Amino acid sequence: MAQEIERNYQDSLKIAFLLREQFPEEVLEITEFRGQVSVTVKKEKIKEILRYVKEEQGFNHLQDLCGVDYYLENPRFEVVYNLFSIWRRLHIRVKAKIDDKEPEIDSITDLWEGANWHERECFDMFGIKFTGHPDLRRILMPEDWDGHPLRKDYPLKGRELWRGFKEILEEQK
Amino acid sequence: MGQLEIEKLSETKFVLQMGPHHPATHGVLKLYTEFEGERVLKIVPDVGYLHRGIEKLAESKTYPSAMTLTDRLDYISSMTNNIGYCLAVERLMGIEPPPRAKYIRTMVAELTRLSSHLLWLATHALDIGAMTVFLYAFREREQILELFEKICGARLTVSYPRIGGVRVDIKEKVLEEISKFTEIMLNRIDEYEGLLTENRIWISRTKGVGVVSSEEALSLGLTGPALRGSGVYYDIRKLIPYDAYSEVDFEVPLGENGDTYDRYLCRIREMKQSALIIRQCIEKMPEGEIIAEQTIDIDIPHQGKRKISAGDSLWSGFIKFVDEKAELIPPGEIYSAIEAPKGELGFYIVSDGSGRPYRMRVRAPSFVHISAIPKLCEGHLLADVIAIIGTLDIVMGEADR
């Protein structure tokens with residue numbers, strides 16, 4: 001069991017180095033934690049990088065796509081792609097750094113259709129725009145919601161009552 | 001047609017707003033559908049009615065107390081949610097649960113799989129029109145819930161697993177009861193199959209409905225039985241074994257055609273495998289501790305030291321929790337996935353070294369499965385939409401979080 005984890009880790013690391021050879025300008029950092037390899041990249045060529053990882057390295061399953069807000073750090077946001085290769089049984093994580101001023105990144109819905117709703121959620125929760133997304137709308141919050149709840153500067157309790165609730169309260173009076 | 005609003009677009013086209021309160025949508029799912037006659041032209045799912053902000057809430061809780069939130073994700077299989085969360089935190093901290101705890105967890109996870117699949121079978125069959133199965137399946141599900149009550153005192157939101165083990169040990173008497181139950185269960189699965197598998201009406205309602213090829217299924221991100229129904233061998237219990245799954249024998253049933261009928265067969269066969277796994281777990285169950293030694297270290301007091309930045313008040317400021325002790329949890333990030341009854345349940349946890357998760361992302365299978373509804377429903381009839389919602393096995397608590 002432990003051997004297998006070690007082997008998988010070595011293989012993932014090899015792929016990470018291959019990725020750096022392929023895109024020397026883009027890859028910022030390769031880190032390892034508990035046997036999982038993450039590659040931090042610039043956001044500009046994210047689609048090419050993921051296409052390479054998918055088509056050349058066989059990472060055919062997009063496990064997860066999510067955003068993380070590193071508040072007070074620069075660049076502030078990160079979009080995290082967790083990829084898995086079913087036939088090689090390997091996991092790799094690609095993280096794209098995104099600036100606070102213009103939170104934008106290319107959409108990868110061409111590569112994986114399943115990324116559609118993940119990206120919509122990421123937009124809803126962090127306000128990161130995915131260029132080229134076919135239908136970028138809020139998904140979990142109401143359409144007219146103000147702010148992006150999972151940002152760290154958004155208070156846990158919310159800023160104010162939602163318009164819909166206010167209307168109901170006013171009707172009761 | 002109480003809750004359904006119908007809008008006419010032209011002589012033959014009309015719009016049907018299905019849900020959010022419709023018995024066949026399994027919760028508060030809303031579907032905007034355009035029909036030409038009875039054929040689906042366009043379908044747009046709308047989710048978010050049950051959004052409680054679990055990911056945001058978890059950021060303000062300590063690791064042990066954030067676990068109760070995971071109960072409320074997929075509320076009909078809370079045991080596997082807990083296990084998924086505990087496993088993620090264990091991997092983050094580098095803790096290994098003792099062998100007995102691993103076996104207990106595997107056993108209760110499979111019991112949960114049985115109960116979840118029973119609920120799926122019951123509602124799926126009821127939607128399509130086979131009422132009897134509903135009553136039979138709930139009879140067995142009740143027994144499983146009673147077993148849960150005997151194991152940990154709770155039936156639905158169990159919070160039984162702990163980071164590094166499980167909460168209480170299982171008595172020998174209860175293990176015997178579970179063993180007896182698996183025997184009953186195996187017979188009962190044959191009974192359900194007798195009602196459905198070769199039933200002419202069932203076959204004509206499910207064969208060729210919601211067909212999805214293996215490439216499409218992978219691209220859409222389908223996981224669990226929905227992906228295996230298309231013939232892709234992707235079962236995390238086999239590919240990245242966790243708990244005691246590497247020590248028990250079981251098969252992964254695969255489908256061929258990727259239609260509703262194949263997904264039905266996959267789940268039914270999976271139930272049989274689950275019963276066999278439970279039996280093996282009871283036979284091989286080792287004696288010993290049920291919780292890891294390091295677990296006590298993570299019992300962090302709720303009042304951490306707070307550092308407030310950017311904005312002066314608690315209301316508008318950003319609160320960061322830091323403790324006097326330098327690092328409570330190693331800083332880093334981990335993506336850990338388990339095979340929940342509905343598909344791949346993943347937890348992506350980012351730790352900044354404080355006693356609370358900096359970010360907890362839940363990759364919920366139902367959320368991804370709902371996004372596949374438009375693709376699966378292409379060119380089908382209104383009645384098939386119901387069958388497709390049923391076959392994807394969705395729970396809104398998990399989709400909306």
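Keep in mind that this is a model prediction, so the values were computed, not measured.

Criteria and cut-off values
Counting starts from 1 at the beginning of each chain's written sequence and moves along it residue by residue. As a convention, the first chain written is A and the first ligand written is 1, with the rest following in written order. Since the coordinates come from a predicted model, pLDDT governs what is reported: local features require at least 70, and pairs of side-chain atoms require 80 or more to be given and counted, while whole-chain, interface and lining totals use all residues. Only hydrogens and water are set aside when side-chain values are computed; all heavy atoms of the structure are taken into account. Note on conventions: DSSP H or I runs of at least 4 residues are helices, E runs of at least 2 residues are strands, and numbering of each starts at the N terminus. Think of it in three bands: with a 1.4 Å probe and only protein chains considered, a residue is buried below 20% of the maximum accessible area for its type, exposed above 50%, and partly exposed in between. In this description, contact between two residues means that some pair of their heavy atoms is separated by no more than 4.5 Å. When charges are counted, Lys and Arg contribute as positive and Asp and Glu as negative, whereas His and the chain ends are disregarded. Each charge is placed at NZ for Lys, CZ for Arg, CG for Asp and CD for Glu. Buried and open spaces are told apart on a 1 Å grid over the protein atoms alone, a cavity being a set of points where a 1.4 Å probe fits but cannot get out and a pocket being an open set with protein on both sides within 12 Å along at least five of seven lines. Residues with an atom within 4 Å of a point are the lining residues. Grid points are joined across faces, edges and corners, and a volume is the space filled by probe spheres set on the points. When residue character is reported, Ala, Val, Leu, Ile, Met, Phe, Trp, Tyr, Cys and Pro are called nonpolar, Asp, Glu, Lys and Arg charged, and the others, Gly included, polar. We count a salt bridge whenever a side-chain nitrogen from Lys or Arg sits within 4 Å of a carboxyl oxygen from Asp or Glu. Throughout, a disulfide means two cysteine sulfur atoms within 2.5 Å of one another.

A.B. asks: I tried to follow the overall build of chain B on my own but got confused; where do I start?
C.D. replies: Counting secondary structure elements, chain B contains 15 helices and 11 strands. For chain B, the proportion of its 401 residues judged to be buried stands at 61%. Long-range pairs, those at least 24 residues apart, make up 68% of the contacts in chain B between residues at least 6 apart in sequence.

A.B. asks: Would you mind going over the overall build of chain A with me for this structure?
C.D. replies: Helix and strand content of chain A: 4 helices and 7 strands. Across chain A, helices and strands are ordered from the amino to the carboxyl terminus as α-β-β-α-β-β-β-β-α-β-α. The C-alpha extent of chain A, read off along each of the three principal axes, is 65 × 35 × 30 Å. Looking at chain A residue by residue over its 173 residues, the buried ones come to 54%. The averaged location of the 35 negative side-chain charges in chain A is 3 Å from the averaged location of its 28 positive side-chain charges.

A.B. asks: Could you clarify how one ought to interpret empty space enclosed by the protein in this entry?
C.D. replies: Any empty space left between atoms is shown by rolling a water-sized probe over those atoms. This model, assessed by the stated rule, comprises 4 cavities of 30 Å³ or more. Quantified by volume, the largest cavity comes out at close to 50 Å³. Along the walls of the largest cavity sit Tyr75, Ile76, Ser77, Ser78, Met79, Thr112, Ser115, Leu145, Phe148, Arg155, Leu156 and Val158 of chain B, which together make up its complete lining. Counting residues per element, the ones that place at least two in the lining of the largest cavity are helix H3 (78-93), helix H4 (99-128) and helix H5 (131-152) of chain B. For the lining of the largest cavity, the class distribution of residues is 7 nonpolar, 4 polar and 1 charged. Along its surface, the second largest cavity is lined by Leu65, Cys66, Gly67, His118, Glu121, Cys122, Met125, Phe126 and Leu150 of chain A together with Glu55, Arg359 and Arg361 of chain B. Elements represented by at least two residues in the lining of the second largest cavity include exactly strand S3 (61-69) and helix H3 (115-126) of chain A together with strand S11 (357-363) of chain B. Sort the elements by how many residues they give to the lining of the second largest cavity and H3 of chain A lands first, with 5 residues. Of the residues belonging to the lining of the second largest cavity, the class tally is 6 nonpolar, 2 polar and 4 charged.

A.B. asks: Would you mind showing me how to read the pattern of salt bridges here?
C.D. replies: Side-chain pairing between opposite charges can occur once the charged atoms of the two side chains come close. All names here are of chain B. Applying the stated rule across the entire model yields 41 salt bridges over all chains. One salt bridge connects Arg228 with Asp235, and the closest N-O pair in it is separated by 3.6 Å. Overall, Arg228 belongs to the buried group, its relative accessible area being 0%. In this structure Asp235 comes out as buried when scored by relative accessible area, which is 0%.

A.B. asks: What am I meant to see in the state of the cysteines here?
C.D. replies: Working definition of a disulfide: a covalent bond connecting the sulfur atoms of two cysteines. All chains considered together, the criterion is met by 0 disulfides over all chains. Among the cysteines around Cys66 of chain A, which has no disulfide bond, Cys122 of chain A carries the closest sulfur, lying 7.2 Å off. Unpaired in terms of disulfides, Cys86 of chain B finds its nearest cysteine sulfur in Cys152 of chain B, a separation of 13 Å.

Without other data, these values stay purely geometric and don't point to any function.
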